[in-house]
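Residue-level structure breakdown
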Amino acid sequence: MIKLIDADSRYLKEYKEAYHLSLEKINEGIMKKHNLMFLNPDEVNIIKVMQDNRDKTKLKPNYVPSYDYFVVEDDKFIGVIHIRISLTSNLLRYGGHIGYAINPKYWRQGYGTETLKLGLQKAKELINENRVLITCDDTNIGSSKIIEKNGGVLENKVENSDQGEKFLTRRYWIKIR
């Protein structure tokens, strides 16, 4: 059974593996660079970054606090989830309240659906809203299915861009109360 935990150093080796496997998926054209949610563990202290993301005084301008968790099953690192407690104008277009990433070696095994389910439960505790926004690329069929399985209702699709590349973003709302 999977669970959300605060970042823990015993999973950093597998976190690093997830980061590198995600880079491989980007190089293969299977994943877009703007969807990379794993930070380079050789460049930053993952645990400190995830702790600091909760403290508004430690954030960059226009960033909102987020509660970031490792997704684990027994001794396996499965992925990460980020729960942002509010939305900026940018997060309304892309990113939303919740973002998650699964280690590519665990794709298509149901972990994404379960991760989002747990994230929605946690969002009820952290976000003072009746619903949350979750976004994904229009071409990311796997993620759109995960969101829809968890009650996501598509509001619309908006055009976004990253480093000159334009893409469509699906914007879903999920009731949490």
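Anything mentioned here points back to the structure above.
As a starting point, this report considers the structure included with it. The residue numbers shown here count from 1 along each chain, following its written sequence. In keeping with the predicted nature of the model, local features appear solely for residues at pLDDT of at least 70, side-chain atom pairs appear and are counted solely at 80 or more, and the whole-chain, interface and lining totals rest on all residues. Excluding hydrogens and water, the side-chain values take into account all heavy atoms of the structure.

1. Some details on the packing of aromatic side chains
- Aromatic rings from Phe, Tyr and Trp, with only the six-membered ring used for Trp, were paired whenever their centres fell within 6.5 Å, and each pair was classed as stacked if the ring planes differed by under 30 degrees, edge-to-face if by over 60, and tilted otherwise. All chains considered together, the criterion is met by seven aromatic pairs.
- Both rings, one in Y15 and one in F77, keep their centres 5.6 Å apart while their planes meet at 55°; by these two values the pair is tilted. Taken together, the residues Y15 in helix α1 (residues 12-27) and F77 in strand β3 (residues 76-84) connect sequence positions 62 residues apart.
- Note on exposure labels: buried denotes an accessible area under 20% of the residue type's maximum, exposed denotes more than 50%, and partly exposed covers the range between, all computed with a 1.4 Å probe on protein chains only. A relative accessible area of 2% places Y15 in the buried class.
- Residue class for F77 comes out buried when judged on its relative accessible area of 0%.
- One cation-aromatic arrangement involves R131 over W173; the distance from NZ or CZ to the ring centre is 3.8 Å. To qualify as a helix, a DSSP run of H or I must reach at least 4 residues; to qualify as a strand, a run of E must reach at least 2; elements of each kind are numbered from the N terminus. Two conditions define a charge sitting above a ring: the NZ of Lys or the CZ of Arg must be within 6 Å of the ring centre, and it must be within 35 degrees of the ring normal.

2. Some words on the sheet that holds strand β5 (residues 131-137)
- An order of β5-β7-β6 is seen for the three strands of this open sheet, with the pairing classed as antiparallel. Since the sheet does not close on itself, it has two edges, and those belong to β5 and β6 (153-162), each with one partner. For this sheet the average axis-to-axis angle between neighbouring strands, irrespective of direction, equals 30°.
- Strand pairing follows a simple DSSP-based rule, namely that at least 2 bridges must link the two strands. Pairing analysis gives nine bridges linking β6 to strand β7 (residues 165-175), with the strands arranged antiparallel. Pairing of V158 across the sheet is with T169, part of β7.
- Along the sheet, helix α4 (residues 111-126) contacts β5 and β7; its crossing angle with β5, the most-contacted strand, is approximately 145°. All axes are obtained by fitting lines to C-alpha atoms, using only the stretch in contact for helices, and the reported angles, taken between N-to-C directions, cover 0 to 180 degrees. Should any heavy atoms of two residues lie within 4.5 Å, those residues are counted as being in contact.

3. Quick word on the pattern of salt bridges
- Here, a salt bridge means any side-chain nitrogen of Lys or Arg that lies within 4 Å of a carboxyl oxygen of Asp or Glu. For the structure on display, the rule yields 13 salt bridges.
- Across the pair D8 and R10 runs a salt bridge whose closest N-O atoms are separated by 3.1 Å.
- Residue R10 is classed as exposed on the basis of its relative accessible area of 56%.
- We note a salt bridge from E165 to K32, for which the minimum N-O separation is 3.1 Å. Separated by 133 residues along the polypeptide, E165 in strand β7 and K32 in the loop between α1 and α2 (46-52) bring together distant segments of the chain.
- Classification of E165 as partly exposed rests on a relative accessible area of 33%.
- For K32, a relative accessible area of 33% translates into the label partly exposed.
- Each of the salt bridges in this network shares a partner with another, and the network as a whole consists of K48, D52 and K58.

4. Focus on the nonpolar core
- Each nonpolar core is a collection of buried residues, namely Ala, Val, Leu, Ile, Met, Phe, Trp, Tyr and Cys, held together in the definition by side-chain atoms within 4.5 Å. Grouped together as the largest cluster of nonpolar side chains are 24 residues, with contacts concentrated most on I81, I98, L116, L120, V132 and I147.
- Looking at this core, the elements that each hand over two or more residues are β1 (2-5), β2 (66-73), β3, β4 (98-102), α4, β5, α5 (141-149) and β7.
- In terms of residue count, α4 provides more of this core than any other element does, four residues in total.

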